[in-house]
Amino acid sequence: MKQIHMDWGMENRYNSVFNPKSGRTIFFAVDHGYFMGPTTGLEDMTKAIHPAIDYADALMLTRGALRSSVDPKLKKPISLRVSSGTSILNEDLLHEGISVGIEEAVRLNAAFVAFSVMVGTPESERDTVLEFSRMVDAAERYGIPTLGVVAVGRGLNRDARYLSLATRMVGELGARLVKTYYCENFERVIETSLVPVVIAGGKKIPEKDALQMARDALDAGAIGVDMGRNVFQAENPVAMMQALAKLVHEDGSVEDAYAYYQELKNKA
């Protein structure tokens, strides 16, 4: 892991999302509703989150979902979505600003604050970069690390050229961790990033393909995965999360992890 100086409180929060045995992390992302509404698999948030979260390392979601659907006794660290601005109906997608203040993140005991930065669009890039920078300033004052969620504009390929540019940008702006998409030559994204990187799951794909993507990203140097739809839209979300844990934390092969998924699914 790339070493970056942190005060004790921030380092404590930062390390809370990493499995102590593997040094890697699995974020369970269920924050899609803030721009997609009740997408498939998230109609019932409590059902979507529990019990799959038992096998993840951190939970990524909005403040509304946290308050309404998560038991405060949960011991998993929270990555709180603090940006929003447009819905899936708007062509200018992810034109986001700060929608949750840092004091609210403190009240909700967030281990991370998560903010989407859109790179490569004339409408959104400048606004999201500046708003992200303001959130970093606020989060640093309170010792809360920022997860920079990288997005690139329509018409730009999700390839190493653009993803490494965007990943490097948010690291330069002060992100402590970056979430980005996996691509060919992902090693370049990792090598040029200033901070550790987790991969986004993206749209739902077959379970074995999602496990293969995770394996390839880890082999390229990713520190973990941040998956949502490829878990909560799986045929058996709990089994899929357990299979991911075998792959990420036990350094399992795709074949072993997928066989484990099939075994758990059939038992259920």
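Since this is a predicted model, take the numbers as computed values, not measurements.

J.: Just checking my understanding: could you explain unusual backbone geometry for this structure?
T.: With the exception of glycine, the majority of residues adopt a negative phi angle, and the majority of peptide bonds are in the trans configuration. Residue P51 is reached from H50 by a cis peptide bond, and omega for that bond is 5 degrees. In this fold, P51 is placed in the loop between α3 (45-49) and β2 (58-61). The backbone of N109 sits at a positive phi, close to 60 degrees, despite the residue not being glycine. Along the polypeptide, N109 turns up in the loop between α5 (102-107) and β6 (112-119).

J.: Any chance you could explain the sheet that holds strand β3 (residues 78-81) here in plain terms?
T.: Backbone hydrogen bonds hold the strands of a sheet together, and the pairing may be parallel or antiparallel. Strand order around the closed barrel formed by eight strands is β1-β2-β3-β6-β7-β8-β9-β10, with parallel pairing between neighbours. Averaged over neighbouring strand pairs, the angle between their axes works out to 25 degrees when direction is ignored. Examined bridge by bridge, β6 and strand β7 (residues 146-152) share seven bridges and lie parallel to one another. Note on β7: the bridge partner recorded for A114 is L147. Sheet contacts for helix α11 (residues 237-249): β1 (25-29) and β10 (224-227); angle to β1, the most-contacted strand, approximately 155 degrees.

J.: Would you mind going over the packing of helix α9 (residues 207-220) against α11 with me for this structure?
T.: Helices that pack against each other are described as a pair by the angle of their axes relative to one another and the distance between those axes. It is at 10 Å that the axes of α9 and α11 come closest, and there the two elements cross at 25 degrees. In terms of orientation, α9 lies roughly parallel with respect to α11. Where α9 crosses over α11, the handedness of that crossing is right-handed. Residues E207, A210, L211, A214, R215 and L218 of α9 touch α11, and the partners they reach there are M240, A243, L244, L247 and V248.

J.: Help me understand α9, please; the structure alone is not making it clear to me.
T.: Relative to the 20 Å expected for 14 residues at 1.5 Å per residue, α9 spans 20 Å between its end C-alpha atoms, a close match to the ideal helical length. Along α9, the residues classified as buried are E207, A210, L211, M213, A214, R215, A217, L218 and A220. Buried residues along α9 sit against α8 (186-192), β9 (197-200), β10, α10 (229-232), α11 and α12 (254-267). G221 lies just past α9 and shows a positive phi near 120 degrees.

J.: Would you take a moment to explain the nonpolar core for this structure?
T.: Nonpolar side chains tend to gather and get buried jointly when the protein is soluble and globular. Ranked by internal contacts, the top residues of the largest apolar core, which has 76 residues, are F28, V30, L59, L61, F186 and L244. When residues of this core are assigned to their parent elements, the largest contribution, eight residues, is made by α11. Among the nonpolar cores identified, the runner-up in size contains 17 residues, and M6, Y14, F18 and A114 belong to it.

J.: Looking at this structure, how should I read the environment of D219?
T.: Looking at the secondary structure, you find D219 in helix α9. Residue classification places D219 among the exposed residues on the basis of a relative accessible area of 56%. Along the sequence, D219 and F186 sit 33 residues apart, while their C-alpha atoms lie 9.6 Å from each other.

J.: Would you mind going over the side chain of S69 with me for this structure?
T.: In this structure, S69 sits in helix α4 (residues 63-69). Judged by relative accessible area, S69 falls into the buried class, the value being 10%. A distance of 2.9 Å separates the side chain of S69 from the side chain of S68, its partner in a polar contact. If we skip the residues at most four places from it in the chain, S69 touches M45, T46, I49 and H50.

Rules used in this analysis
- Note on numbering: residues in each chain are counted from 1, in written sequence order.
- Given that the model is predicted, a residue must reach a pLDDT of at least 70 before its local features are reported, and side-chain atom pairs must reach 80 or more before they are shown or counted; all residues, however, enter totals for whole chains, interfaces and linings.
- Computation of side-chain values: all heavy atoms of the structure, hydrogens and water removed.
- Helix numbers and strand numbers start at the N terminus; a helix is a DSSP run of H or I with at least 4 residues, a strand a run of E with at least 2.
- Strands are treated as partners if at least two bridges between them are detected by DSSP.
- A fitted line through C-alpha atoms serves as each axis, taken over the contacting stretch for helices, and the angle formed by two N-to-C directions is quoted from 0 to 180°.
- Two residues qualify as a contact provided that any one of their heavy atoms is within 4.5 Å of a heavy atom in the partner residue.
- In this scheme, roughly parallel covers angles under 35 degrees and roughly antiparallel covers those over 145, while 65 to 115 is roughly perpendicular and the rest are oblique.
- Each crossing gets its hand from how the near helix is turned against the far one by less than a right angle, where anticlockwise is left-handed and clockwise is right-handed.
- Here, expected helix span is obtained from the residue count minus one, scaled by 1.5 Å.
- To sort residues, take the accessible area from a 1.4 Å probe on protein chains only and compare it with the maximum for the residue type: under 20% means buried, over 50% means exposed, and anything in between is partly exposed.
- Among buried residues, those of type Ala, Val, Leu, Ile, Met, Phe, Trp, Tyr and Cys that are joined through side-chain atoms within 4.5 Å constitute a nonpolar core.
- In protein, a polar contact means a hydrogen-donor-capable atom and an acceptor-capable atom, both N or O and within 3.5 Å, with residues adjacent in sequence counting only if both atoms are side-chain atoms; elsewhere, any N or O pair within 3.5 Å suffices.

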